[in-house]
Amino acid sequence: MHNQIFISMNLLRVFAMALLAGFYVQSAEGQVSVTVSEKKAVIDGKTCYLHTVRQGETLYSISKAYGVSQEDIISRNPDSVEGIKAGQELKIPETPESSQPQPQPQPQPQPQPSPYVPPSEPSQQVKYLTYEVQKRETLFSIARTHGVNINRLLEANPEIDPQSPAIKAGQKIKIPLPDADPVAVETPETDTLTIEADTVECAPTTQDVFHIAMLLPFSLSDKPPADTSVKKDMDGRYLRRDGTYWLPPHSDMALEFYQGALLAVDSLQKTGLKAKIKIYTFDTSRDTLQLIQILNDPVMKKTDLIIGPFFTDMVDRVARFAAENRIFYVSPVATNIESLKNNPYLLQVNSGEINTIIPMTEIIAGQRDSVRAVLICNKSESDQSLFTAYLNRLKTILPDSMITVFQFKVDSIPPPSAYLKKDKKNIVIVTAGNEAFINLIAAQMNASTRDYSIHLYGLAVWTKFINLDPEYLHRLEFRFATAYYVDYHCKEVLRFLQQYRKYYAAEPAVNKQGNYAISPVQYAFLGYDVMFYFGSALKRYGREFGYCVSEFRLPTLQSDFRFTRIQPSGGYINTNLRVYRYTKDYRIIRVENGNE
């Protein structure tokens, strides 16, 4: 069920070479090809296949082989919801039972772009936003980008087939809006943290063996699309014509995260770690039922730390398991504030884009007597939650007369003269994440810097845009806040890059969807930081390390973590957000304490 790894330097070398040869960590369920059974029976008036489960098969892989949904299988085999095992016989309907006629999406009226001026607080009745799908986007990437549970997204769009959730550019879908306010955190008053009835002193541990479970979306049971030019090699791996191995979508970020984590374990050993680390690696894919099977594995209850999975819709299930078994659980990528509110065992690394508003507006507050704030969003993009949160925050630090708000579409952005003033310092805050939109508006403002004083504020992901000219960002003195920033002049970063190149013969990649950057996070660095930080906390405090993270500091490569409990009975979130500024002399500097 799992791949247990006893880490040593020699094993790391072997594993690295295996990765270069195309070997990937084994799936939690193994990798086997599901063969459709020839045995059939009529049960309750309906024809079913009688399938005998083989070692390594999952409900997901079986459902794909038979062309039915996992829910169809469960409805005929109720016990399978808790997992399946080799030798078990499943009744599988010959035809899908859950499929329904697909209603055609109705065209949505498109309002014309115009300035938007707040007369009042935004309505609390708005629950959905109509969003136009962009090129290369998938339902999963939209759900992840906007922090929406994939199941809620499917519920809001019944015309999308949940078994084959294909969407295309230009299609209109509804996106449930998340909370539009930054997280309020409460700092513990003492160094001794109290959770429920337990009081834990942050003292050195004598524990000599640490068990760490990593739940990552390798998706190794996936197959390439039929139109992909790949073939299998002698070991059954999918090989492209150019000699590289085909990876399922998004598994590359899981692989990079894992590679970085292995290098962190090696670094821990070099710091004098005498205890033994046992890592149990599981492939969650995108399969919730497979996740249930993983959590039912007996090894999970004896772990000291759980890292992953990546996707928001899986966080709740793992968080509940962690709380029930009193295991501290690190969510490295997903943001799920509701889970944090009631679970003292959850530690969330990603602060979320909403929380970058606080350090950004602190800078604006320090200049309130001489600035004019211009808030702009992409009308075709589902960034309204961030847009609304910025508006609410600005209204607490500036009078309404100093705030102007606009909503534009990418094909109708007016010239800067329509929204800038010559007698003021214009702080232009753009909450959009669409690269084409940012390219156009940044180019226009760049051409206007002789006539206007402009400071551009935006999102960290812009720094990863492939086609955005960095010259624009420097001339507009672009500011962004992030918990993830890699300083390539840092000696530790350079040392990490040397090790990464040595063992994996590759460079850490920018997280991209096609040619577009979709996150400021670099997963190799994140994997290193998460494993090194929490591995060091385990080394110092043992299994109860989570009670001590609010006082634990450790420099890392991409982000210096600072965890704060959001409420007395809740979990911890990383609140160490930093603001960076592009300068006109082509440097990128950190803005200290909100002071320019």
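The structure displayed is predicted, hence computed values, not measured ones.

Q: Explain the overall build of the protein to me, please; I cannot follow it from the model alone.
A: When helices and strands are tallied, the protein shows 15 helices and 27 strands. Considering only contacts in the protein between residues 6 or more positions apart, those separated by 24 or more positions represent 72%. When the accessible area of the protein is evaluated, it comes to approximately 27400 Å², of which 49% is carbon and sulfur surface.

Q: Would you mind showing me how to read unusual backbone geometry here?
A: A negative phi angle characterises most non-glycine residues, just as the trans form characterises most peptide bonds. Here the residue pair Gly308 and Pro309 is connected by a cis peptide bond, since its omega of 5° sits within 30 degrees of zero. Checked against the element boundaries, Pro309 lands in the loop between β14 (305-307) and α8 (312-324). Despite not being glycine, Arg326 shows a phi value in the positive range, around 55°. Relative to the helices and strands, Arg326 resides in the loop between α8 and β15 (328-331).

Q: Looking at this structure, how should I read the confidence of the model for the protein?
A: One rule of thumb: low pLDDT means the predicted coordinates there are not for detailed reading. Across the protein, the average pLDDT comes to 78, with 78% of residues at or above 70. Scored below 50 in pLDDT, residues 99-118 makes 30 contacts in the model with residues more than four places away or belonging to other chains.

Q: I would appreciate a short explanation of the packing of helix α14 (residues 491-504) against helix α15 (residues 523-541) in the present structure.
A: Close contact between α14 and α15 brings their axes to 12 Å; oriented N to C, the two are set at 110°. Of the possible angle classes, the one that applies to α14 and α15 is roughly perpendicular. Residues Val493, Phe496, Leu497 and Tyr500 of α14 form the contact with α15, whose own contacting residues are Ala524, Phe525 and Tyr528. Across the contact of α14 with α15, the residue classes tally to seven nonpolar, no polar and no charged.

Q: Mind showing me how you'd approach the sheet that holds strand β4 (residues 89-93) here?
A: The strand order across the open sheet formed by three strands is β2-β3-β4, and the pairing between neighbours is antiparallel. One side of each edge strand has no neighbouring strand; the edge strands of this open sheet are β2 (40-43) and β4. Pairs of neighbouring strands in the sheet enclose a mean axial angle of 40°, with direction left out of account. With four bridges connecting them, β2 and strand β3 (residues 46-52) associate as antiparallel partners. Bridge pairing in β3 places Ile43 opposite Lys46. Helix-sheet contacts for helix α2 (residues 59-66) involve β3 and β4, and the interaxial angle to β4 is about 40°.

Q: Would you explain the packing of aromatic side chains in this entry?
A: To describe a pair of aromatic rings, you give the distance between the ring centres and the angle between the ring planes. Scanning the model with the defined rule gives 33 aromatic pairs in all. Here Phe257 and Phe310 contribute two aromatic rings whose centre-to-centre distance is 5.4 Å and whose plane-to-plane angle is 80°, an arrangement assigned as edge-to-face. Here the residue Phe257 occupies a position in helix α6 (residues 251-270), and Phe310 occupies one in the loop between β14 and α8, the gap between them amounting to 53 residues. The exposure classification of Phe257 matches that of Phe310, with both residues buried.

Q: How do you make sense of the pattern of salt bridges when you look at a structure like this?
A: Side-chain pairs of opposite charge can arise where the charged atoms are in close proximity. Here the structure, examined in full by the defined rule, presents eight salt bridges. A salt bridge links Asp304 to Arg543; the nearest nitrogen and oxygen atoms lie 3.3 Å apart. Highlighted residues: Asp304 in the loop between α7 (288-295) and β14 and Arg543 in the loop between α15 and β24 (563-565), separated in sequence by 239 residues. The closest approach of N and O atoms between Glu507 and Arg501, which form a salt bridge, is 2.5 Å. Residue classification places Glu507 among the partly exposed residues on the basis of a relative accessible area of 44%.

Q: I'm lost on α8 in this one. Help?
A: Owing to its 3.6 residues per turn, the α-helix aligns residues three or four sequence positions apart on the same side. Look at α8: 19 Å from first C-alpha to last across 13 residues, which is about the 18 Å you get at 1.5 Å a residue. Of all the positions in α8, only Thr312, Met314, Val315, Val318, Ala319, Phe321 and Ala322 are classed as buried. Viewed end-on, α8 has its buried residues packed into an arc of 165°, placing them on one side of the element. Where the residues of α8 are buried, they touch β10 (209-216), α7, β14, β15, α9 (337-342) and β16 (346-348). Immediately downstream of α8, the backbone of Arg326 shows phi near 55°, a positive value.

Q: Any chance you could explain the packing of α6 against α14 here in plain terms?
A: The relative placement of two packed helices comes down to the angle between their axes together with the axis-to-axis distance. Interhelical geometry of α6 versus α14 gives an angle of 115° and a closest axis separation of 11 Å. The pairing of α6 with α14 is recorded here as roughly perpendicular in orientation. At the point where α6 passes α14, the crossing takes the right-handed sense. Along the contact surface, α6 presents Glu256, Gln259, Gly260, Leu262, Leu263, Asp266 and Lys270, while α14 presents Phe496, Gln499, Tyr500, Tyr503 and Tyr504. Its residues placed into classes, the contact of α6 with α14 shows six nonpolar, three polar and three charged.

The rules behind the values
- Residues numbered from 1 in each chain as written.
- Predicted model: local features only at pLDDT ≥ 70, side-chain atom pairs only at ≥ 80, totals over all residues.
- Heavy atoms only, no water.
- Helix = DSSP H or I, 4+ residues; strand = E, 2+ residues; numbered from the N terminus.
- Contact = heavy atoms within 4.5 Å.
- Areas by Shrake-Rupley, 256 points an atom, 1.4 Å probe, with all protein chains shown as cover.
- pLDDT = per-residue confidence, 0-100.
- Axes fitted to C-alpha atoms, helices over the stretch in contact; angles between N-to-C directions.
- Parallel < 35°, antiparallel > 145°, perpendicular 65-115°, else oblique.
- Nonpolar A, V, L, I, M, F, W, Y, C, P; charged D, E, K, R; others polar.
- Pairing = 2+ DSSP bridges.
- Phe/Tyr/Trp six-rings, centres within 6.5 Å; stacked < 30°, edge-to-face > 60°.
- Buried < 20%, exposed > 50% of the residue type's maximum accessible area, 1.4 Å probe, protein only.
- Salt bridge = Lys/Arg side-chain N within 4 Å of Asp/Glu carboxyl O.
- Expected span 1.5 Å × (residues − 1).
- Arc of directions from axis to C-beta.
- Left-handed = near helix turned anticlockwise from the far one by under 90°.

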